[in-house]
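A look at the structure
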Amino acid sequence: MEGTNAKYVSQKISKTRWRPVSSSSLQQPEIFATGSWDNEDNKVSIWSIGENGVSGMEDEFEGDPQLISELKHDGDVLDLQFLDQDKIVTASSSGAVTIYRHHHTNQTLSVSHQWGRAHHYPCDNAPCTGVVCNSPEIVTVGEDGRIIIFRADQEEVIRTIENADSSTIHAVTFLRTTEILTVNSIGQLKIWDLRQQVDEPSQILSLTGDRVPLHCVDRHPNQQHIVATGGQDGMLCIWDVRQGNMPFSLMEAHSAEMWEVHFHPSNPDHLFSCSEDGSLWHWETSTNSDTTSLLQSGRNTSMISRSAGALVGENQSLVSAWLTGDSSKGRLETTNMLPTQTLSVNSLDILGQCLVCGTDGEAVYVNRRVPV
């Protein structure tokens, strides 16, 4: 894809994340973090694509990612999230959960706090497979079937749901400030109300038929009941957690495991997925005159559909384009975002018009002109 810069980084990249930018500013992101895996020494690294990151050498050009700081990481980085502008939380194959601090003044990284062996079996460490942050809260999940809740400003664990799952929990996201959703290795989604003291999910949804492991999940940024998942069979599933216990739609996406799926945070009619098969897909829903675009010039591109079920306000129904359901009313366009087929694309992140992804081909790809 035009405008994509490849940076060879001499390590397999497992996770890539943009540092958040102020929602009030219109600036594009310039700083992102990566985590590596399956290397002799794994690292957490900070990169810049801004003006300050350009070295001035002839073989460098604007937008080429420049390494500004890195620090060794114990075990594979299985997940990585920004807690705020300065702090990054990692999930390790060693079971540890670590907060790294990025010092902007001298561009260094340091370990701010670590919960070692947070996830564990009776006699061994259990990989911590996923982390989600809603500062100061941090929620992690693991191969041990535990859900653990931390606070960045407290050393002690806040809460542990010991037997949340009998199988591996692969990913977690916040639905609301008091609700999380997890996906597991037997094709289930579980919703947890953190206000309840009982260690049972408030709702369980699942794929019918084969118990296909689900690897990733993301929530629609404006409509929390809409969720996208991907898993071992490469299918993209869209769920409406209010309606029944099965996915609203299933779409053939990738020919191998889907590792991550993300709605665009400010234009959620656009969605991105990446896979073991070396592809990174940009999905765009578009509708014809049967469906009216809401706030077309604004950020909310949700749709009003005449045939939708749930009523809002003056008998009007507010429905996402992902839930139109009738193929005659809308269509889905897909674009492969990578210029050439590569080894497994393990992670992606999208913010503004900037996309970053990391691969097993020891490369990071950045595109600053994504059409969203």
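Residues numbered from 1 in each chain as written. Predicted model: local features only at pLDDT ≥ 70, side-chain atom pairs only at ≥ 80, totals over all residues. Heavy atoms only, no water.

1. Re the nonpolar core
- Membership of the largest hydrophobic core comes to 15 residues, with the highest contact counts inside it found for Leu 181, Val 183, Leu 189, Val 227 and Trp 239.
- Elements represented by at least two residues in this core include exactly β14 (169-176), β15 (179-184), β16 (188-193), β18 (214-219) and β20 (235-240).
- Those residues in contact with Leu 189 that sit more than four places away from it in its chain are Leu 181, Thr 182, Val 183, Gln 203, Ile 204, Leu 205, Leu 214, Val 227, Thr 229 and Trp 239.
- Counting residues in hydrophobic clusters, the runner-up holds 14 residues, among them Ile 238, Val 261, Phe 263 and Trp 283. (Core = buried A, V, L, I, M, F, W, Y, C linked by side-chain atoms within 4.5 Å. Buried < 20%, exposed > 50% of the residue type's maximum accessible area, 1.4 Å probe, protein only. Helix = DSSP H or I, 4+ residues; strand = E, 2+ residues; numbered from the N terminus. Contact = heavy atoms within 4.5 Å.)

2. Some remarks on the packing of aromatic side chains
- Across all of its chains, the model carries four aromatic pairs by this definition.
- Ring centres of Phe 32 and Trp 47 lie 6.3 Å apart, and the angle between their planes is 10 degrees; on these two criteria the pair is classed as stacked. Of this pair, Phe 32 sits in strand β3 (residues 31-36) while Trp 47 is found in strand β4 (residues 42-48), placing the two residues 15 residues apart along the sequence. For the pair Phe 32 and Trp 47, a shared accessibility class is recorded, and that class is buried.
- Aromatic side chains Trp 115 and Phe 150 sit 4.4 Å apart centroid to centroid with 35 degrees between the ring planes, which places their arrangement in the tilted category. Taken together, the residues Trp 115 in strand β9 (residues 108-115) and Phe 150 in strand β12 (residues 147-151) connect sequence positions 35 residues apart. Considered together, Trp 115 and Phe 150 belong to a single accessibility category, that of buried residues.
- A connected cluster of aromatic rings, assembled from ring pairs, spans Trp 18, Phe 32 and Trp 47.
- If you follow Lys 12 out to its NZ or CZ, it ends over the ring of Trp 37, 5.8 Å from the centre. (Phe/Tyr/Trp six-rings, centres within 6.5 Å; stacked < 30°, edge-to-face > 60°. Lys NZ or Arg CZ within 6 Å of the ring centre and 35° of its normal.)

3. A word on the pairing of β12
- Summarising burial for β12: four of the five residues are buried, a large majority.
- Strand direction decides the pairing type here: strand β11 (residues 137-142) and β12, joined by five bridges, are antiparallel. From the neighbouring strand, Ile 138 faces β12, where its bridge partner is Phe 150.
- Turn length for the β11-β12 hairpin, with the two strands adjacent in sequence and antiparallel, is four residues, and the turn residue Gly 145 shows positive phi of about 75 degrees.
- Note that β12 and strand β13 (residues 159-161) share three bridges and pair antiparallel. Its bridge partner being in β13, Ile 149 is matched across the sheet by Arg 159. (Pairing = 2+ DSSP bridges.)

4. Thoughts on the confidence of the model for the protein chain
- Per-residue pLDDT for the protein chain has a mean of 86; in total, 85% of the residues score no lower than 70.
- When the criterion is pLDDT under 50, residues 53-60 qualifies, and its contacts beyond four places in sequence or with other chains add up to nine contacts.
- Residue range residues 288-318 is modelled with pLDDT below 50. Its contacts to residues more than four positions away, or to other chains, number 53 contacts. (pLDDT = per-residue confidence, 0-100.)

5. As for the environment of Leu 343
- Looking at where Leu 343 falls in the secondary structure, it is placed in the loop between β28 (330-336) and β29 (345-351).
- Distance in space between the C-alpha atoms of Leu 343 and Glu 362 is 8.9 Å, their sequence separation being 19 residues.

6. Thoughts on unusual backbone geometry
- Look at the link from Ser 135 to Pro 136: it is a cis peptide, with omega at 5 degrees.
- Within the secondary structure, Pro 136 is located in the loop between β10 (128-134) and β11.
- Positive phi values are uncommon outside glycine, yet Arg 117 reaches one of about 50 degrees.
- You can see Arg 117 is positioned in the loop between β9 and β10.
- Even without being a glycine, Glu 362 presents a positive backbone phi close to 60 degrees.
- Counting through the fold element by element, Glu 362 comes out in the loop between β30 (354-359) and β31 (363-367).

7. Some thoughts on the pattern of salt bridges
- Under the definition given, this model contains 15 salt bridges.
- One salt bridge connects Asp 153 with Arg 151, and the closest N-O pair in it is separated by 3.1 Å.
- In this structure, a network of salt bridges that share partners links the residues Lys 15, Arg 17, Asp 79 and Glu 260. (Salt bridge = Lys/Arg side-chain N within 4 Å of Asp/Glu carboxyl O.)

8. A short note on the environment of Pro 201
- Relative to the helices and strands, Pro 201 is located in the loop between β16 and β17 (203-206).
- Remark: the alpha-carbon pair of Pro 201 and Ile 191, spanning ten residues in sequence, is separated by 5.5 Å.
- With sequence-adjacent residues up to four places away left out, Pro 201 is seen in contact with Lys 190, Ile 191 and Trp 192.

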